[in-house]
Amino acid sequence: MEGLSGREEAVRRAVMEICEGKLGKAAVKLDGTGSVIAVRPAKNPALPRVMLAAHMDEVGLLVLSATEEGLLRFTGSGGIDPRVLISKRVKVGYGEDGIPGVIGSPPIHLQSGDDGNTAPKIENLSINIGAKDKAEAESKAPIGTPVTFATPYTPFGDGYVCAKALDDRVGVYNLLRLLDAPYDGELTLAFTSQEEVGLRGAMAAGFIVQPDIGIALEGTTANDLGETPDALKVCEPGKGPCVSFMDNSSMADRGLFRLMLEAGKAEGIDHQIKKFIAGGNDAGAIQRAGAGAKVVVLSVPCRNIHSPSSVCCLRDVDNQYLLAQATLARLMKG
Amino acid sequence: MDILSFLRESTGRFGPVGHEQAIAQWLKERFAPLCDEVFIDAMSNVIAVQKPTAPSAGKPPVVMLCAHMDEIALMVTAILEDGSLRIRQVGGVDPAILPASTVTVHTDTGELFGVIGAKPPHLLSAEDRKHNVKFEDLYVDLGLSPEAAAQRVHVGDLVTMQGEPLELLNGKVASKTLDDRSCIAAMLLAAERLQKLSHTAQVVFCCSVQEEVGGYGARVAAYTAAPDIGFILDVTHAAYPGAKPDTTVPPDAPAATMGPFIQTKLMERLKNVAKENGIKMNVELAGRNTYTDTDDIQIARGGIPCVLVGVPLNYMHTTVELGDVNAVAETGRLAAAFAAAVEEGWDTDLWI
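Residues numbered from 1 in each chain as written. Chains lettered and ligands numbered in written order. Predicted model: local features only at pLDDT ≥ 70, side-chain atom pairs only at ≥ 80, totals over all residues.

Caption draft 1: Summary view of the overall build of chain A. Helix and strand content of chain A: seven helices and 17 strands. The C-alpha atoms of chain A give a radius of gyration of 21 Å, which matches the 20 Å a tight globule of 334 residues would have. Viewed in the frame of its principal axes, chain A has a C-alpha envelope of about 65 × 45 × 35 Å. The 334 residues of chain A split such that 57% are buried. (Helix = DSSP H or I, 4+ residues; strand = E, 2+ residues; numbered from the N terminus. Rg over C-alpha atoms; globule rule 2.2 N^0.38 Å. Buried ≥ 20, exposed ≤ 12 C-beta atoms within 10 Å, placed from the backbone.)

What follows is the structure in structure tokens.
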């Protein structure tokens, strides 16, 4: 399913259908940025009002223009290292209207001088859809056409999966599973838009919900292989979801951070602490929306994040769900 | 033969340089119904023969068509303590194409899916962003524990890149290993046509090995086939924006190479054949080496006059090598027409 920032309509439709099926139409609302906000009213109003958030959007590319030769120039939608784009397949457009394309580079035989050592610039890359000229390219893919990575979902190894958009469909998946989580306080499940372009959906959703506690379910950077020094690994897939004490967008509430770790320990749910301050996510927006909230982030470690081939461990995905649920259970105990 | 179907069936078949046994066996079966004789030689070259269908007074001329079946690949050079693998290239693989690519690791106990790691953008330094990756920075993630990885994988195991054929607009196709399976497709099309054409020449079809490291297989196949004429089919570079002048050809038609390694009068003959058959053919120049099997076939035995025809590709040696299906078909038609036009006395005044 495709869902670039601001173009989350396909994911939104699917999410709304599931939420409305479970909670009824009246419980599911949209905010002014296209985030889906599903509210479960409190059975016990004394309990903290909790907002769980996961973002629907993914990183990808946007068509800018076509060259005389019929190639598509593009820009990134979200943080993308141009070096992961060479020799990759993409889908230009959405759903059944989408057409295949490839991103190539000058062949190794014709590179000269420092070409081989110099990283490509995104403005020098292009998508080839086989168009014969500029007019055909523009008719198939006008400016603004969303482009997503065409990577098949591939399970491999010992419980791992390689796919595009694991950041943050893992969180969306678990948020949907948490629609019937046992919690008696008011529980809001926010499926946010536009996280990858600056946490924009969560700012609006956070303002509307004004929760006491915000928990972001994310996919985060893992950099554990290839003889990386321990200090730069961030986290390691297979060892459980990451609890963050801080990242580039938010400071975890110390009490909430401890509560989550304790819940994991008590329930025997694998988890780890994110060991590098990098990245940012919806928790930052929720923390400072309106009158403010206590926040914490629980993330599934993803290798090659923001690339066409991100990798995560399915056990970590399950444990993200279990630990979120165990955290709610602890909050209910007070 | 349907070109796309053949590419779908063939481009994913294992054939790294020096490891062509399986693809050779498969291609032998493709040529067998089209030829009078087909065998695999000591190096795993496939050599298939169509006997003359038109009589000649003396020994019939022998024309050898040759396209290589080997592919560029990678090899495991180390199994790291974290269970990931270090790799190096077997043939000319540009490391720049590898981050976030998927691969198949071929082990003694079967195939493993792998992903080549890419440092996440959030952790890249300004210095990192300036440079392309190097092989020593790259690793293959198998999703396995270090113990399982060490048990399954050995140093020296081959790693092939993934990239099934993808149909684009206007008869374009992008795939791994169009170099040179697209020319094998053209050669099969030529064999089909020649079955129906009257030809004085004995036509030999060779699927050669070890081209990606330097024409090793073609030299030996040319010794065995002992042709009078070599007709080599290999891929060439299609035009792209920013390419240096005169390094590429238009993408939609076969391109013949001229230059010192190409026999001048055979080149003229090739141009005439193209013209007579209404085949659009572009011409490019190689000042010396062509970096194809031509360079070895030309000096096999006592010297063999050669021509070289290429299918233009964009993004050669990537997993999205992009070619034109019609250019493949026309290359096959040109090869058949050329071979069928070789008659007794073809070499009159060849060198003067």
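Caption draft 2: Spotlight on the sheet that holds strand E16 (residues 306–313) of chain B. Residues and elements named next belong to chain B. Spatially, E1-E2-E12-E3-E13-E16-E14-E15 is the arrangement adopted by the eight strands of the open sheet, whose pairing is mixed. Strands at the two margins of the open sheet, each flanked by one partner only, are strand E1 (37–40) and strand E15 (282–285). The average undirected angle you get between the axes of adjacent strands in this sheet is 25°. In terms of strand pairing, strand E3 (residues 62–68) meets strand E13 (residues 229–237) through four bridges, oriented parallel. Bridging across to E13, methionine 64 finds its partner in glycine 230. Its contacts with the sheet put helix H5 (residues 178–196) on strand E2 (46–50), E3, strand E12 (202–208), E13 and E16, and the angle it makes with E13 is roughly 140°. (Pairing = 2+ DSSP bridges. Axes fitted to C-alpha atoms, helices over the stretch in contact; angles between N-to-C directions. Contact = placed C-beta atoms within 7 Å.)

Caption draft 3: Highlighting the interface of chain A and chain B. With 53 residues of chain A in contact, the opposing surface of chain B contributes 53 residues. When residues of the side of chain A that touches chain B are traced back to their parent elements, those giving at least two are strand E7 (99–103), strand E10 (154–156) and strand E11 (160–163) of chain A. Top element by residues in the side of chain A that touches chain B is E7(A). It accounts for three residues.

Caption draft 4: The domain arrangement of chain B, seen in detail. All names here are of chain B. By the assigned domains, chain B splits into domain 1 (3–71 + 176–340) and domain 2 (73–161). Domain 1 and domain 2 are separated by 33 Å when their C-alpha centres are compared. Taken together, the contact pairs eleven residues of domain 1 with twelve residues of domain 2. Here the side of domain 1 that touches domain 2 is built from residues that sort into four nonpolar, four polar and three charged. (Domains from an automatic or database assignment. Nonpolar A, V, L, I, M, F, W, Y, C, P; charged D, E, K, R; others polar.)

Caption draft 5: Inspection of the sheet that holds strand E17 (residues 321–324) of chain B at higher detail. Residues and elements named next belong to chain B. Pairing is antiparallel in the open sheet, where three strands are placed in the order E10-E11-E17. The sheet is open, and its two edges are formed by strand E10 (166–167) and E17, each paired on a single side. With four bridges joining them, strand E11 (residues 172–175) and E17 adopt antiparallel strand pairing. Opposite serine 175, over in E17, you have glutamate 321 as the bridge partner. The strands touched by helix H9 (residues 325–340) are E11 and E17; relative to E17, the strand with the most contacts, the crossing angle is about 60°.

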